[in-house]
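One-letter residues, chain by chain:
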Amino acid sequence: MQALRQEILPPSGIEFATCLKFTPSTLSDYGPSTSQSGRTLFNVVVARSNLLRIFEVREEPAPISTQKEDEKDRRASVRRGTEAVEGEVEMDVSGEGFVNMGTVKSTGQNGFTHLATVTKFYLVREHRLHGTVTGLEAVRTVHSLEDKLDRLLVSFKDAKLALLEWSDAIHDVLTVSIHTYERAPQLMALDSSLFRAELRVDPLSRCAALSLPKDALAILPFYQSQAELDLMEQESSQARDVPYSPSFVLDLANDVDKRIRNVIDFAFLPGFNNPTTAVLCQYQQTWTGRLKEYKDTVGLYIFTLDLVTNNYPVIAAVDGLPYDCFSLTPCSTATGGVVILAGNTIIFVDQSSRRVILPVNGWPPRTSDLPMPSLTPQEQLRDIQLEGARFTFVDDKTLFVILKDGTVYPVELILDGKTVSRLAMSDALARTTVPALVKRVDDGYVFVGSVVGPSVLLRTIHVEEEIQEDDVDMSAAPATVVAPADSMDLDDDEDLYGPSNSSEKPATNGVANGAIEPAKKTRTVVRLSLCDAIPAYGPICDMAFGVARNGDRVVPELIAATGSGELGSFHMFQRDMPMRSKRKLHAIGGGRGMWSLAVRQPVKISGGTFERPANPYHAENDSIIISTDANPSPGLSRIATRSAHSDITITTRIPGTTLGAASFFQGTAILHILFNVTNVIRVLEPDGSERQVIKDLDGNNPRPKIKSCSICDPFVLIIREDDSIGLFIGEIERGKIRRKDMSPMGDKSSRYLTGCFYTDTSGLFQTFLNEQAPAETVTSTLQGAMNAGSRSQWLVLARPQGVVEIWTLPKLTLVFSTPSLATLDTVLTDTLDPPAASLPQDPPRKPQELDIDQIALAPLGESRPRPHLIVLLRSGQLAIYDTVAAARPAEPLPSARSSTLLVKFVKVLSKAFDITYPEEEQKSVLAEQKRISRLLLPFVTSPAPGQTFSGVFFTGDRPSWILSTDKGGVKLFPSGHSVVHAFTTSSLWESRGDFLLYSDEGPALVEWMPDIQLDGHLPARSAPRSRPYSNVVFDASTSLIVAASSFQNRFASYDEDGNIVWEPDSANISFPYSECSTLELLSSDGGIAMDGYEFAPNEFVNCIASVPLETTSTESGMKDFVAVGTTINRGEDLAVKGAVYIFEIVEVVPDPSANVKRWWRLKLLCRDDAKGPVSFLCGMNGYLVSSMGQKIFVRAFDLDERLVGVAFLDVGVYVTSLRAVKNLLVIGDAVKSVWFVAFQEDPYKLVILGKDPQLCCITRADLFFADGHLSIVTCDEEGIVRLYAYDPRDPESKSGQHLLRRTEFHGQTEYRTSQLVARRPKTGDPEIPQARLVCGSVDGSLSTLTYVDDAAFKRLHLLQGQLIRTVQHVAALNPKAFRMVRNEYVSRPLSKGILDGNLLATFEDLPIGRQNEVTRQIGTDRATVLKDWASLVGAW
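Note that the structure is a prediction, hence the values are computed from the model and not measured.

Caption draft 1: A look at the overall build of the protein. Within the protein, the secondary structure is distributed over 12 helices and 96 strands. Considering the protein as a whole, with its 1436 residues, one finds that 56% of them fall into the buried category. Of the contacts formed within the protein by residues at least 6 apart in sequence, a portion of 60% connects residues at least 24 apart. Here the protein has roughly 61800 Å² of accessible surface; of this, 50% comes from carbon and sulfur atoms.

Structure, rendered in structure tokens:
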């Protein structure tokens, strides 16, 4: 069997990050960033697994109006008496675990209004790499002296280093070099796959170091000046333009010091003439059970790298550090030395080897012989565990330690002169996300990245505060307080922590600089505020398919248990945009188009007519709807308004088909384009009566029918079926329209395929004037240039030969021309050509595959919409281009062009639709009624207060939403309808989030489902639960979720007499913790907990399954029950046990006060104890299959009260997976790989059909079948996906005893949960649907495995080989080597059989010329390949 592995969702969370000035927008002299839109401070580059993202951090003016509205809404929603009082912390309602720091204050201490600012993330680029990232660092090379930008160094799991830089020409990253160490002798070791590489860079970018197995470092030196480069050129014969010198591998034990073994962490120290490295290592390994023999086994070695003489002298060595040290960070040059984090202590070591220790609990004196400092009574009560903590310096003497639960503790270095005398830790400052990394940025920002939830940007501000005479204890600890988010005014803010007093001055909270005398009047306080967060949901622990109700529609959704700790939650993913219907509007029709318009009604007073004054800050709601249908011929148009009872009232019916309508003359009239025998352009009064009619005639002959139009007050563009155009302009003084002169655009008979208007409010569209242009042209472009800053209007036209032009309005001047859009090139720039000639052809030109069918230039975005160019080719290719400011041309413009537009368009998304067109000859009335109009319709919607999206809707038989979010970039979501004929936004019912949609279900008013998150590649809803869930299952009969939540519970061992074996003997010593579970019955949205079951304090759930078992309570004799398998932990001296529970979900009478119609409970029917852990359960033919230790049991459920064993089988060591289809069972084992077993009922027996002869740790095994073929799919703990075949006729299988390993594919991370869903291909209708496997990984990615038939597989496999060889991949990585698996038992890798979806997806993004070139070499054409691809992709 062959399959396609496709990543639907990329990895979630941030494992590695670096803050740097990477893109030109971060430079202070960059033009557009200094406008009113704010400025870019720096870039944050983040990575998780194979996903690399580049963000901009922008400081922008705060939206004042939305702040006040949000505050009003918030106060309205807070129940009286529950508001936060002064000094109290409000927790964020979204449940992300952040402290809500309040809103921004904009009034300073003297009453002057300051411009309040917000700091936000914006996604710039996203790449899925062909490698697993293990480190990110910023470096400055010799080329950074020219452009003042940093370079990005990325390390990968297979010992590669890639140097990347930003290219303005392609608006993307460019690979400078790649350095591979995978053939180094250190990586030939068998255990090298267990090694975790670390990447570090010298503070002055003199070199980078990558840790390798066997205690070695790969050193990559960088040139820092042109002089070094010139010297290198003289020494070597050829000139060198590379910014680095040859790298080398440094063996620490042989080259530096033989005591450096088992490296734990290393870092470069600042302030030295040569690169200097501190290495933390454990020369004698130990563990808690051997502390009597070996303790304090960690050493710190500081040595210098002399890159010229290759000499590495050790300048400091410190032995005897605690055995549980795990991290170090260098101090600033002001104090020198390093700070080391251990499990129970924080240690400062200076360059003279002096150690300063701060114990944080009572364990250090028991596990270490180091002298401990004397502690105050308050410090002796402290009990903090530092495992999993991260830390960073926020200034020279203060560091923040963030524990694994997100609690922030400030620690200060107390100086005695110039030496550090002690470390002081103050009380917890705030609670943030669960940290995976902490990065400090020079501007006072701290970035906290998390792999299990959102990552946050915090700001630290140092403030001088006056100390009150009657202040709190001065010797306590450093002063660190929390300020409201993004506050620039530090005088009016109130502390959220520490003692509070009634005066307006901030309350004080501790002390800095170790000041003890109350005579000192000021002290420095570190304030902390939350700026912004990058959303993430973390690992997928378990998942199940459920049924959701979007209004009246029932849709499948994937329920995933995500996150960890306090960030645990459910995420519900849907394939299509979740919408619900608010009302059906069959009366208005609209099968050919709908337009909802806001028109101001005039007011009549004493005979005169006046317009109702409009509020410029509040857009008016729509007042009328115009709809049109093709039936009865020649069409029918309706004008409708809303009556007092919220019903639709049709006021006017007009024969003819409406082609376009819009409010005109600043909302005081309607421009209506109609076809009824002839084309008619009408200006209507707000009540629908005619003000002006222009018939589109050529002399007395009617012109061809209008096929499309674009209206943008005060301009009207019509395009007729013979590809000729008409342009009209409105005269607001007369309230009428007239034809506009189009002579600058060339011959009147010029032909155009499509066109649109664009109104720019972003300020990006700036023109550059040609100095040698004629005078009259200069004045016309001067007007355009003056208007460009505020609100400028532009006309986009596409000519038949593929040339796209942008013209200024109202003076038609060509400012942009490109022939590359029709071939979907990656970057579109102005070719500076004169207006192209597109005269009519004889015979008339027929439509071609690569014709531009639709074009739209519209804003996409959330808080800062940017213009995007969206184009649809007739072949079905859709491409979206972002608009980027371009540099001024270095050469003078050609004489034929008077000006150029200073923008370029960069492709950000490409999608191929499988679209078929009817035969062109069919011009009948029936064909006209069946015609599907595919239009790109821009819209602006506000689904919730303070949230606005600008997007584009694509109508037709592939209806889609095109949206862009701040942190997610441009996304395309299917709408879920089979066809959408008409679309418009409508605020007629006083809601800014309503849409009018004419779909296959008829016309309806719809809205998005509330609280939808659109940052990801699938629309999602989040249900925060503040605790993690290990298992989740959906009960189909009741549509409820059953989930097992996981807790940490204190654990104690007892002897046979029930006496406790050990208990803490001190306040700062705590019990160990053990996992325990509870079972919860939740509503389908995860919001309401209906019932639960608590297990024993030392019992936790391994698996939950919804299994059909025999019962006497139903007519069919079968019913779904919930089976739970558990482990009972009895301490390390006693063997673990387990149990199987059978629950039934029963309906009960709801509580009358609960205001719910139906309520359910969990009813325990049976508990069956086991001698070992019950690691997995599944149902098979009405029986329950369970694992217990090394055995598999098949049991029947007897009389709804007990489990009766009918068959068993001795299997491997520990069963990790069971999956049954009919009477076939696949067993995955932690050691013995996979077994294929059949179950027979007469007599009861489990028969081994085949098993894998090789050893492998399986995390999940599934049956995969399609078109009469069967395979077994497994995943191991390294993320390798394998396909096995059962073929007794093959001699290698030894009569079927051995499963045949057909394919091995490296999936980069393991998955522990999978769901088998049915897939029905569009071509053919098989009786048995194909299986599609949906897999959820521990890094948060969601992937599918889809069956591919032989013919398509051969084409796509050849295409994959071409893409590997001919396409430049990001970071110069090798996709083939990334997916290849090393196998000692075969001569060639088993790589054929699974296609790499991430690699094949790049084919869609290639320009059409490159697509033709690549497919020509493999003997096929691009249309066939794209059709294959379109039939396979999709979520489920």
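Text resumes after the structure shown.
Caption draft 2: The sheet that holds strand E11 (residues 172-180), seen in detail. Strands sit in the order E8-E9-E10-E11 across an open sheet of 4 strands; the sheet is antiparallel. Two strands in the sheet have a free side with no partner beyond their single neighbour: strand E8 (133-139) and E11. Strand after strand, the sheet turns through a mean of 25° between neighbouring axes, direction not considered.

Caption draft 3: Summary view of the sheet that holds strand E53 (residues 736-739). With antiparallel pairing, 4 strands are arranged side by side in an open sheet as E50-E51-E52-E53. The open sheet has two edge strands, strand E50 (706-712) and E53, and neither has a second partner. If you compare each strand with its neighbour and ignore which way they point, the axes differ by 20° on average. Bridging between strand E51 (residues 715-720) and strand E52 (residues 725-731) involves 5 bridges; their strand directions are antiparallel.

Caption draft 4: Representation of the packing of helix H8 (residues 1350-1366) against helix H12 (residues 1422-1432) in the model. Contact geometry for H8 and H12: axes closest at 10 Å, N-to-C directions at 110°. Considering their axes alone, H8 and H12 lie roughly perpendicular with respect to each other. The segment H8 lies against H12, with Ala1352, Arg1355, Leu1356 and Leu1359 engaging Thr1424, Val1425, Asp1428 and Leu1432. Residues that form the contact of H8 with H12 fall into these classes: 5 nonpolar, 1 polar and 2 charged.

Caption draft 5: Summary view of the packing of aromatic side chains. By the definition in use, this model includes 37 aromatic pairs. Here the aromatic rings of Tyr758 and Phe765 are separated by 5.2 Å at their centres, their planes lie at 50°, and the arrangement is tilted. Looking at Tyr758, the relative accessible area reads 3%, which means it is buried. Classification of Phe765 as buried rests on a relative accessible area of 0%. Note on Tyr1093 and Phe1095: the rings are 5.1 Å apart at their centroids and 75° apart in plane angle, and the pair reads as edge-to-face. A cation over a ring is seen here: Arg366 above Trp363, with NZ or CZ 5.9 Å from the ring centre. Stacked on the ring of Phe1193, the Lys or Arg Arg1195 has its end atom at 5.1 Å from the ring centre.

Caption draft 6: Seen up close, H12. Among the residues of H12, those classed as buried are Arg1422, Val1425, Leu1426, Asp1428, Trp1429, Ala1430 and Leu1432. Its side-chain oxygen placed 3.2 Å from the backbone nitrogen of Ala1423, Asp1421 serves as the N-cap of H12. Looking one or two places after H12, you find Gly1434, whose phi comes out positive at around 135°.

Caption draft 7: Region of the structure containing unusual backbone geometry. In this model, Leu809 is joined to Pro810 through a cis peptide bond whose omega is 0°. Within the fold, Pro810 resides in the loop between strand E57 (804-808) and strand E58 (814-818). Cis geometry is found at the peptide bond from Asp1242 to Pro1243, where omega equals -5°. Structurally, the position occupied by Pro1243 is in the loop between strand E87 (1234-1241) and strand E88 (1244-1251). In this model, Asn310 sits at a positive phi of 55°, which is unusual for a non-glycine residue. Structurally, Asn310 is set in the loop between strand E18 (298-304) and strand E19 (314-321). Phi at Ser1026 takes a positive value of approximately 60°, unusual for a residue other than glycine. Mapped onto the fold, Ser1026 is located in the loop between strand E72 (1020-1024) and strand E73 (1029-1035). For Ser1026, a relative accessible area of 42% puts it in the partly exposed group.

Caption draft 8: Main features of H8. Helix length check: H8 (17 residues) gives 24 Å between terminal C-alpha atoms against 24 Å at 1.5 Å per residue, within 8%. Listed as buried for H8 are Ala1352, Phe1353, Leu1356, Leu1359, Gln1360, Gly1361, Gln1362 and Leu1363. Buried positions along H8 lie against strand E1 (3-9), strand E96 (1394-1396), helix H10 (1397-1405), helix H11 (1408-1416) and H12. Among the residues of H8, the N-terminal cap falls to Asp1349, whose side-chain oxygen and the backbone nitrogen of Ala1351 are separated by 3.3 Å.

Caption draft 9: Seen up close, the pattern of salt bridges. Using the criterion set out here, one finds 70 salt bridges in the structure. A salt bridge links Lys160 to Asp158, with the nearest nitrogen and oxygen atoms 2.8 Å apart. Assessed through its relative accessible area of 26%, Asp158 is described here as partly exposed. Close ionic contact of Glu1080 with Arg1025 constitutes a salt bridge, the shortest N to O distance being 3.5 Å. Note that Glu1080 is positioned in strand E75 (residues 1073-1082) and Arg1025 in the loop between E72 and E73, a separation of 55 residues in sequence.

Caption draft 10: Structural view of the side chain of Thr1309. As for its position among the elements, Thr1309 is in the loop between strand E92 (1300-1306) and strand E93 (1311-1319). By relative accessible area, Thr1309 is classed as buried at 17%. A distance of 3.0 Å separates a polar atom in the side chain of Thr1309 from a polar atom in the side chain of Asp1339. Non-local contacts of Thr1309, meaning those with residues more than four positions away in its chain, are made with Ser49, Gly1279, Ser1337, Asp1339 and Ser1341.

Caption draft 11: Up close: the state of the cysteines. Following the criterion strictly, the structure yields 0 disulfides and no others. Looking at Cys756, it has no disulfide partner, and the nearest cysteine sulfur is the one in Cys712, 9.6 Å off. Residue classification places Cys756 among the buried positions, given a relative accessible area of 9%.

Caption draft 12: Layout of the pairing of strand E42 (residues 636-642). Summarising burial for E42: 5 of the 7 residues are buried, a large majority. Pairing of strand E41 (residues 624-629) with E42 involves 6 bridges; the strand directions are antiparallel. What sits directly across from Asp629, in E42, is Leu636. Linking E41 to E42, which pair antiparallel, is a turn of 6 residues; within it Gly635 sits at a positive phi near 115°. Here 7 bridges tie E42 to strand E43 (residues 648-655), and the two strands are oriented antiparallel to one another. Bridged to Leu636 within E43 is Pro655. The antiparallel pairing of E42 with E43 creates a hairpin that spans 5 residues between the two strands, and Ser646 there sits at a positive phi of about 65°.

Caption draft 13: Representation of the environment of Cys541 within the structure. Structurally, the position occupied by Cys541 is in strand E34 (residues 540-550). The exposure class of Cys541 is partly exposed, given its relative accessible area of 31%. In the structure, Cys541 is positioned 770 residues away from Tyr1311 in sequence and 9.0 Å away in space, judged by C-alpha atoms.

Caption draft 14: Highlighting the packing of H10 against H12. Interaxial distance between H10 and H12 falls to 11 Å at its minimum, and their mutual angle equals 135°. Put simply, H10 runs oblique to H12. Our pair here, H10 against H12, has a crossing hand that is left-handed. Taking contact as the criterion, the partners of Gly1397, Leu1400, Ala1401, Phe1403 and Glu1404 in H10 are, on H12, Arg1422, Val1425, Leu1426 and Trp1429. Of the residues belonging to the contact of H10 with H12, the class tally is 6 nonpolar, 1 polar and 2 charged.

Caption draft 15: Summary view of the environment of Cys331. For Cys331, the location among the structural elements is in the loop between strand E20 (325-330) and strand E21 (338-342). Classification of Cys331 as buried rests on a relative accessible area of 3%. Those residues in contact with Cys331, other than ones at most four positions away along the chain, are Pro270, Gly336, Gly337, Val338, Val339, Phe348, Phe393 and Leu413.

Caption draft 16: Quick peek at a nonpolar patch on the surface. Together, Val1213, Tyr1214, Val1231 and Leu1255 make up a nonpolar patch on the protein surface, roughly 340 Å² of accessible area in all. You can see Leu1255 is positioned in the loop between E88 and strand E89 (1258-1266). Assessed through its relative accessible area of 64%, Leu1255 is described here as exposed.

Rules of the game
- Within any chain, residue numbers begin from 1 and follow the written order of that chain's sequence.
- Reporting of local features is limited, given that this is a predicted model, to residues whose pLDDT is at least 70; pairs of side-chain atoms are given and counted only at 80 or more, and all residues count toward the totals for whole chains, interfaces and linings.
- Here the side-chain values reflect all heavy atoms present in the structure, with hydrogen atoms and water set aside.
- In DSSP terms, a helix is any run of H or I states spanning at least four residues, a strand is any run of E spanning at least two, and both are numbered starting from the N terminus.
- Note on classification: 1.4 Å probe, protein chains only; a residue is buried when its accessible area is under 20% of the maximum for its type, exposed when over 50%, partly exposed between these limits.
- Residue contacts are defined here by distance: any two heavy atoms, one from each residue, within 4.5 Å place the two residues in contact.
- Here, Shrake-Rupley sampling with a 1.4 Å probe gives the accessible areas, and only protein chains in the shown set may cover a residue.
- Each pair of strands is called paired provided DSSP finds at least two bridges between the two strands.
- Only the contacting stretch of a helix is used when fitting its axis, a line to C-alpha atoms as for every element, and angles between N-to-C directions run 0 to 180 degrees.
- Angles are sorted into four bins: roughly parallel if under 35 degrees, roughly antiparallel if over 145, roughly perpendicular if 65 to 115, and oblique for all others.
- All residues other than Ala, Val, Leu, Ile, Met, Phe, Trp, Tyr, Cys, Pro, Asp, Glu, Lys and Arg, Gly among them, are scored as polar; the first ten of these are nonpolar and the last four charged.
- In summary, the pairing rule links any two rings of Phe, Tyr or Trp, Trp by its six-membered ring, whose centres are within 6.5 Å, and it sorts them by plane angle into stacked for under 30 degrees, edge-to-face for over 60 and tilted for everything else.
- Lysine and arginine charges are scored as sitting over a ring when NZ or CZ, respectively, is within 6 Å of the ring centre and within 35 degrees of the ring normal.
- We define a polar contact as two N or O atoms separated by no more than 3.5 Å, with the added condition that, inside protein, one atom must be a possible hydrogen donor and the other a possible acceptor, whereas residues neighbouring each other in sequence contribute only through side-chain atom pairs.
- One less than the residue count of a helix, multiplied by 1.5 Å, gives the span that helix is expected to have.
- What makes a salt bridge here is a side-chain nitrogen of Lys or Arg within 4 Å of a carboxyl oxygen of Asp or Glu, nothing more.
- Only a pair of cysteine sulfur atoms within 2.5 Å counts as a disulfide in this structure description.
- Here a crossing is taken to be left-handed if its near helix is turned anticlockwise relative to the far helix by less than a right angle, and right-handed if that turn runs clockwise.
- Two distance rules govern patches: like charges are joined within 9 Å, and nonpolar side chains (Val, Leu, Ile, Met, Phe, Trp, Tyr) within 5 Å, applied only to residues with over 30% relative accessible area and no salt bridge.

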